[in-house]
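Here is how the chains run, residue by residue.
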Amino acid sequence: MDLFEYAKQNTLEKEAPLASRLRPTTLEEVVGQEHIIGEDKLLYRAIKADKLSSIIFYGPPGTGKTTLAKVIANTTKADFTQINATVAGKKDMEAVIHQAQQTLGAYGRKTILFIDEIHRFNKGQQDYLLPFVEDGTIILIGATTENPYFEVNGALLSRSVIFELKALEKEDVKKLILRAVTDPEKGLGTYNAVIDGDALEFLADMAGGDARAALNAIELGILTTKRGEDGKIHINLETASQCIQKRVVRYDKGGDNHYDIISAFIKSMRGSDPDAAVYYLAKMLYAGEDIRFIARRIMICASEDVGNADPMALTVAVSAAQAVERIGMPESQIILSQAASYVACAPKSNSAVNAITAAMDSVKHKKTTVPPHLQDSHYGGAAKLGHGIGYKYAHNYPNHYVEQQYLPSEIEGEKFYELSDMGYEKTLKEHFKMIKGE
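Residues numbered from 1 in each chain as written. Predicted model: local features only at pLDDT ≥ 70, side-chain atom pairs only at ≥ 80, totals over all residues. Heavy atoms only, no water.

A.B. asks: Account for the sheet that holds strand β3 (residues 111-116), naming residues and giving values.
C.D. replies: One open sheet holds the 5 strands; their spatial order is β2-β3-β4-β1-β5, and the pairing between them is parallel. With one partner strand each, in any of the chains shown, β2 (79-84) and β5 (161-164) form the two edges of the open sheet. Along the sheet, successive strands turn relative to each other by an average axial angle of 15°, direction set aside. Examined bridge by bridge, β3 and strand β4 (residues 138-144) share 6 bridges and lie parallel to one another. Bridged to L113 within β4 is L140. Where helix α5 (residues 65-75) meets the sheet, its contacts fall on β1 (55-58), β2, β3 and β4, and the angle it forms with β1 comes to roughly 145°. Across the sheet, helix α6 (residues 90-107) lies against β2, β3 and β4, angled at about 175° from β2, the strand it touches most. (Pairing = 2+ DSSP bridges. Helix = DSSP H or I, 4+ residues; strand = E, 2+ residues; numbered from the N terminus. Axes fitted to C-alpha atoms, helices over the stretch in contact; angles between N-to-C directions. Contact = heavy atoms within 4.5 Å.)

A.B. asks: Outline α6, supporting the account with residue identities and numerical values.
C.D. replies: The first and last C-alpha atoms of α6 sit 25 Å apart over 18 residues, in line with the 26 Å expected at 1.5 Å per residue. For α6, every residue scored as buried is listed here: M93, V96, I97, A100 and T103. Angular distribution of buried residues about the axis of α6 spans 125°; they occupy a single face of the element. Away from the buried face of α6 by more than 90 degrees, exposed residues K91, G105 and A106 are located. Here the buried face of α6 lies against β2, β3, α7 (123-134) and β4. Phi turns positive, to about 70°, at G108, one or two residues after α6. (Expected span 1.5 Å × (residues − 1). Buried < 20%, exposed > 50% of the residue type's maximum accessible area, 1.4 Å probe, protein only. Arc of directions from axis to C-beta.)

A.B. asks: For the packing of aromatic side chains, give the residues involved together with the corresponding values.
C.D. replies: Counting across every chain of the model gives 4 aromatic pairs. With 6.4 Å between their ring centres and 45° between their planes, F57 and F163 make a pair best called tilted. Taken together, the positions of F57 in strand β1 and F163 in strand β5 put the pair 106 residues apart, joining distant regions of the chain. No difference in accessibility class separates F57 from F163, as the two residues are buried. For the ring pair Y128 and F132, a centre distance of 5.3 Å and an interplane angle of 55° mean the geometry is tilted. (Phe/Tyr/Trp six-rings, centres within 6.5 Å; stacked < 30°, edge-to-face > 60°.)

Right, dumping it as structure tokens:
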């Protein structure tokens with residue numbers, strides 16, 4: 001690196017966005033993601049021991065995928081190279097591989113290749129990496145916001161360990177905001193800024209688990225807010241709202257928060273009180289609550305609390321959610337009112353909730369195998385193994401029903417879905433009795 005390149009690098013580091021400057025350099029500085037980097041977890045041990053195999057980081061924006069790659073870069077003895085799949089091509093990869101081969105041959109040192117947005121590479125580009133991952137020329141670290149099982153080459157996946165990063169908890173985001181405000185070296189501590197408690201809560205809440213969004217907002221607030229008479233920069237709720245471009249939701253002067261109101265809204269729909277449901281809906285709309293958030297809660301209630309007692313409830317709720325996305329306010333208040341009142345008036349059943357809860361518990365605690373007659377007999381050699389033999393095709397029998405074993409033998413006889421006597425579920429129950437000849 002020559003003098004000009006050194007000066008350029010220093011300038012970039014000083015002028016980099018807060019989210020970049022505040023990025024941790026050690027595992028101890030990382031906030032959140034305890035499920036994969038807790039002290040007893042595999043990734044933590046692998047990084048500490050410098051014994052990484054190829055890995056894929058998968059998760060939403062701002063959750064620390066690049067951060068963890070940088071931590072690895074600062075702790076490994078291997079060479080570390082980074083490329084971004086949005087701008088890199090095959091020539092870039094060829095240059096990295098060539099250098100990695102020379103380093104391995106001359107010094108016996110491996111190369112870690114970090115590819116950000118790896119899902120942007122096409123199949124051919126991903127295939128190019130395979131032999132070099134296979135023979136250990138490079139250790140691949142891929143980062144993606146997309147489901148790797150759909151977007152990353154299956155052969156690469158089979159040679160990698162996948163770690164899913166989750167949206168940061170609100171308390172984690174608060175820690176990062178406070179670190180940004182007070183840290184004089186990496187953060188903005190030299191600006192002598194303070195953030196009000198309600199502004200901190202609001203930013204952490206509105207960031208939605210995205211640390212970058214929260215840090216960008218607090219940086220904008222501190223750099224653009226005038227100092228008060230006491231010489232300090234005060235970040236209050238109004239400033240925080242402007243910086244993250246989301247409206248502060250105030251329901252009334254008594255201080256009710258949106259969690260209480262949305263809770264009352266859902267419980268009113270569940271309790272079959274359309275008047276109360278529409279009232280709490282109006283309260284949220286008047287306060288500026290996100291209409292998409294409201295629509296999501298109606299969809300959940302339609303499935304969780306109505307279910308098959310009235311299957312149309314979910315159809316109405318989903319249609320309403322799609323409509324408000326396209327139309328916006330003020331007309332969306334009518335659409336949400338229609339959906340909320342329909343769900344409130346619909347017959348109620350939580351049979352679907354109970355069914356999946358019981359089934360998930362069974363899957364978690366009991367190992368089972370699919371009965372042979374239900375197994376697929378079409379792939380090569382399956383029929384010779386007895387797969388599919390003895391299966392009875394329901395449409396060949398009266399009422400399109402035939403009694404046979406469907407559940408695995410290990411749990412045969414267990415009941416998960418119990419139809420209620422509410423609404424359409426009562427019709428379904430009568431239908432079952434008819435086809436079974438009961």
